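# Topology and contacts: notes
So you can see what is in the structure, the chains are spelled out below.
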Amino acid sequence: MRNKRMSSWGTPSRISSDLYRERTAATPPVSLRRRRCACGKVVTAKQLTQYGACATCARKATDQVKEAA
C-alpha cells in the first residue's frame, strides 16, 4: 500500500493567504487618475508616484545628472 501524503498543489495555507492580505492592504492602490506634473503635462498618478515626474521631466533630470558628472 502506498503512503498517501498531502499534495502541495492543494489549497494555500491560511498563513500565506493572511500574509498576502496584509501586504496588499498595506500598499497604496494603483491609480490611473490623471494628475498634472510640475511642468504642466497631464500624466497618470501612478507615473507621478513611481518617478516623481512625467517622463520628459525625469529624462531631463537624468540628463542633467549625466552632464554634471
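The structure we're discussing is the one just above.
Residues numbered from 1 in each chain as written. Predicted model: local features only at pLDDT ≥ 70, side-chain atom pairs only at ≥ 80, totals over all residues. Heavy atoms only, no water.

## Observations regarding the overall build of the chain
When you go through the chain residue by residue, the secondary structure sums to three helices and two strands. Counted from the first residue to the last, the chain has its helices and strands arranged as α-β-β-α-α. Looking at the chain as a whole, 10% of its 69 residues are labelled buried. Of the contacts formed within the chain by residues at least 6 apart in sequence, a portion of 0% connects residues at least 24 apart. In the structure as shown, the chain presents an accessible area of about 6,800 Å², 55% of it carried by carbon and sulfur atoms. (Helix = DSSP H or I, 4+ residues; strand = E, 2+ residues; numbered from the N terminus. Buried < 20%, exposed > 50% of the residue type's maximum accessible area, 1.4 Å probe, protein only. Contact = heavy atoms within 4.5 Å. Areas by Shrake-Rupley, 256 points an atom, 1.4 Å probe, with all protein chains shown as cover.)

## Section: the nonpolar core
When a protein is soluble and globular, its nonpolar side chains tend to lie buried together. Counting five residues, the largest nonpolar core is built from Cys37, Val43, Leu48, Ala53 and Cys54. In this structure, valine 43 is in contact with Arg33, Arg34, Arg35, Leu48 and Cys54, ignoring residues within four places of it in sequence. (Core = buried A, V, L, I, M, F, W, Y, C linked by side-chain atoms within 4.5 Å.)

## Re the state of the cysteines
For the coordinates displayed, the defined rule picks out zero disulfides. We note that cysteine 54 lacks a disulfide partner, and the nearest cysteine sulfur, in cysteine 57, lies 3.6 Å from it. (Disulfide = S-S within 2.5 Å.)

## Here's the deal with the environment of threonine 49
Mapped onto the elements of the fold, threonine 49 is located in helix 2 (residues 45-51). Within the local environment of threonine 49, its side chain forms a polar contact with the backbone oxygen of alanine 45, the two atoms lying 2.8 Å apart. (Polar contact = N/O pair within 3.5 Å; in protein donor to acceptor, adjacent residues only side chain to side chain.)

## Let's talk about the side chain of threonine 44
Mapped onto the fold, threonine 44 is located in strand 2 (residues 42-44). Classification of threonine 44 by relative accessible area gives buried; the value is 18%. Apart from the residues lying within four places of it in its own chain, the contact partners of threonine 44 are Leu32, Arg33 and Arg34.

## As for the environment of alanine 58
In this fold, alanine 58 is placed in helix 3 (residues 55-68). Of the residues examined, alanine 58 reaches a relative accessible area of 25% and is grouped as partly exposed. Remark: the alpha-carbon pair of alanine 58 and leucine 48, spanning 10 residues in sequence, is separated by 10.0 Å.

Fair warning: the whole summary comes from geometry, so function is off the table for now.
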